[in-house]
Amino acid sequence: MACIGVFDSGSGGLSVLREIRKILPDERYIYYSDNAYCPYGEKTADFVTSRARAVTELLLSKGAQAVVVACNTATGAAIANLRAGYDIPFVGMEPAVKPAASGTRSGVVGVLATAGTLKAPKYLNTKGQYADAVRIAERVGKGFVELVENGELDGQHAEAVVRASLEPLLAEGADTIVLGCTHYPFLLPLMQRIAPEGVRFIDPAPAVARRLRDVLAMNGIPVGEGPGSVELLASGPDTTLKKLFKLI
Ligand code: DGL
C-alpha cells in the first residue's frame, strides 16, 4: 500500500482525489487543504511556492511517498521547485488544452482557470502549441473558488457568479471548455445547466489519476492490498472540506 499526499489551496483538490481513488482505492491518502491561505490564484508565484514547500514538508513528515499537487495554480507556480527540492515523485495538474483542441467542432476552446494559472509559463507553453489550430478564449472563474470554499454549489447567487464568467466564453463560440482549476468541477452540474446542450466540459483529473498510477509504478512504489484510507487536514476550518468529502 502506498502513502500518497494530495494538496490544494482548499477543498478543490478533492475533485482530483475522487478520480484517483476510483483507480487506486486501496492506498493511504493524506489530503491537505491550505485554506488559511486560499485563494492561491491571486497570490504571487513566490508565495504559492513557499506554501507548496511547507505543505510538502508536512506531508513528508506524515509518511507521503508521492505528492499530487491537486491545484493548477500551485502546479504552474511551484512544481519545478518541488521536483528540484525533494526526493519523491510529484504529479501535477495539466491544463487539458490538448483533448479540448482535438474535440472542438466550433474551433473555439474555452479555458476557465485562475489568474495565476493563465499567466504561468507552463500554461502559456501548452496554449502556444495549439494556438494555430484553434482559437482559445480564456476567463478567470471569478468568485468560483469562494463559492466552493463556502460549500455553495447551487442557488441563485451561485448561478449569477458562474454565469458571469461562463457566458462570455459561450458567446465567443466555445463548444469545449477546459476546467483549469480543481475547484471548478464542483460547479459542473450548475455549468451544465447554464450551457446549451452539446457543450463539453473537460476535467483533467482522470488523466492525472492515470499519470499517478504510472508514476508510482515507474518509481517502484507498490500499490494495492489496502486498507484504503483518507486523512483530511486543513490549515483553516475544516467544515467545508468534510462536507465536500461526503460528495466525492
Ligand atoms: N484549486 C486551485 C487551482 O486549481 C486553486 C484555486 C485558488 O486557490 O485560487 O488552481
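For the structure, see preceding data.
Q: Kindly report on the overall build of the protein chain, identifying the contributing residues and their values.
A: Summing up its helical and strand segments, the protein chain has 11 helices and nine strands in all. The C-alpha radius of gyration computed for the protein chain amounts to 17 Å, which stays within 12% of the reference 18 Å derived for 248 residues, consistent with globular compactness. Based on the C-alpha atoms only, the size of the protein chain along its principal axes is roughly 50 × 40 × 35 Å. Taking as baseline every contact in the protein chain between residues at least 6 positions apart, the subset at least 24 positions apart corresponds to 79%. By element, 51% of the accessible surface of the protein chain is carried by carbon and sulfur atoms, the whole surface being about 10,700 Å². Of the side chains in the protein chain, 26 bear a positive and 26 a negative charge, and the two mean positions are spaced by 1 Å.

Q: Got a sec to walk through the environment of Val6? Specific residues and values, please.
A: Inspection of the secondary structure assignment puts Val6 in strand E1 (residues 3-8). Residue Val6 is classed as buried on the basis of its relative accessible area, which comes to 1%. Setting aside its immediate chain neighbours within four residues, Val6 contacts Gly13, Leu17, Tyr29, Ile30, Tyr31, Tyr32, Leu59, Val68 and Ala70.

Q: Got a sec to walk through the sheet that holds strand E7 (residues 176-179)? Specific residues and values, please.
A: Paired through backbone hydrogen bonds, the strands of a sheet run either parallel or antiparallel to each other. Read across the sheet, four strands follow the order E6-E5-E7-E8 without closing on themselves; strand pairing throughout is parallel. Each edge of the open sheet carries a strand with a single partner, namely strand E6 (135-140) and strand E8 (200-202). Across the sheet, the mean angle separating the axes of adjacent strands is 25 degrees when strand polarity is ignored. This element, helix H6 (residues 121-130), spans strand E5 (108-113) and E6 of the sheet and lies at about 150 degrees to E6.

Q: I'd like to hear about the side chain of Asp34, residue by residue, with values.
A: Counting through the fold element by element, Asp34 comes out in the loop between strand E2 (28-33) and helix H2 (45-61). A distance of 2.9 Å separates a polar atom in the side chain of Asp34 from a polar atom in the side chain of Ser235. Residue contacts for Asp34: discarding those within four places in its chain leaves Asp8, Ser9, Gly10, Tyr40, Arg51, Val55 and Ser235.

Q: Quick rundown of helix H3 (residues 72-85)? Include the residues and the values.
A: Note: α-helices contain 3.6 residues per turn, so residues at a spacing of three or four share the same orientation. With 14 residues, H3 should cover 20 Å at 1.5 Å per step; its first-to-last C-alpha distance of 19 Å lies within 8% of that length. Helix geometry: H3 is bent most strongly at Ala78, by close to 60 degrees. Regarding H3, the residues found buried are Asn72, Thr73, Ala74, Thr75, Ala78, Ile79 and Leu82. Packing partners of the buried residues in H3 comprise E1, H2, strand E3 (66-69), strand E4 (90-91), helix H5 (115-119) and H6.

Q: Got a sec to walk through the site of the ligand? Specific residues and values, please.
A: Surrounding the ligand, one finds 14 residues, the nearest of these being Ser9, Tyr40, Gly41, Thr73 and His183. Within the backbone of Tyr40, one N or O atom sits 2.6 Å away from an oxygen atom of the ligand. In the environment of the ligand, an oxygen atom lies 2.8 Å from a nitrogen or oxygen atom belonging to the backbone of Asn72. Within the shell around the ligand, the residues separate by chemical class into six nonpolar, seven polar and one charged.

Q: Please set out the nonpolar core residue by residue, giving values where relevant.
A: In terms of nonpolar packing, the biggest core is built from 51 residues, with Val68, Val162, Leu166, Ile177 and Met191 touching the most fellow members. The contact partners of Met191, leaving out residues within four places of it in the chain, are Leu112, Phe144, Val162, Leu166, Leu179, Tyr184 and Phe201. By size, the runner-up hydrophobic cluster in this structure holds 20 residues, among which are Tyr40, Val48, Val67 and Ile79.

Q: Can you break down the packing of aromatic side chains residue by residue, with the values?
A: Any pair of aromatic rings gets described here by the distance separating the centres and the angle formed by the planes. As enumerated under the stated definition, the model contains three aromatic pairs in all. Judged by centre distance (5.9 Å) and plane angle (50 degrees), the ring pair of Tyr37 and Phe47 falls under tilted. Highlighted residues: Tyr37 in the loop between E2 and H2 and Phe47 in helix H2, separated in sequence by 10 residues. Taking 5.0 Å as the distance between ring centres and 65 degrees as the angle between the ring planes, the aromatic pair formed by Phe144 and Tyr184 counts as edge-to-face. Of this pair, Phe144 sits in helix H7 (residues 144-149) while Tyr184 sits in the loop between E7 and helix H9 (188-194), and the two are 40 residues apart along the sequence. Judged by its relative accessible area of 0%, Tyr184 is buried. The ring of Phe186 has Arg18 lying over it, and the distance from NZ or CZ to the ring centre is 5.8 Å. Directly above the aromatic system of Tyr37 lies the positively charged group of Arg51, at a separation of 3.9 Å from the ring centroid.

Calculation criteria
Residues numbered from 1 in each chain as written. Predicted model: local features only at pLDDT ≥ 70, side-chain atom pairs only at ≥ 80, totals over all residues. Heavy atoms only, no water. Helix = DSSP H or I, 4+ residues; strand = E, 2+ residues; numbered from the N terminus. Rg over C-alpha atoms; globule rule 2.2 N^0.38 Å. Contact = heavy atoms within 4.5 Å. Areas by Shrake-Rupley, 256 points an atom, 1.4 Å probe, with all protein chains shown as cover. Lys, Arg positive; Asp, Glu negative; His and termini not counted. Charge placed at Lys NZ, Arg CZ, Asp CG, Glu CD. Buried < 20%, exposed > 50% of the residue type's maximum accessible area, 1.4 Å probe, protein only. Pairing = 2+ DSSP bridges. Axes fitted to C-alpha atoms, helices over the stretch in contact; angles between N-to-C directions. Polar contact = N/O pair within 3.5 Å; in protein donor to acceptor, adjacent residues only side chain to side chain. Expected span 1.5 Å × (residues − 1). Bend = angle between axes of the 7 residues up to and from the residue. Near = heavy atom within 4 Å. Nonpolar A, V, L, I, M, F, W, Y, C, P; charged D, E, K, R; others polar. Core = buried A, V, L, I, M, F, W, Y, C linked by side-chain atoms within 4.5 Å. Phe/Tyr/Trp six-rings, centres within 6.5 Å; stacked < 30°, edge-to-face > 60°. Lys NZ or Arg CZ within 6 Å of the ring centre and 35° of its normal.

None of the figures reported here should be taken as evidence of function without further support.
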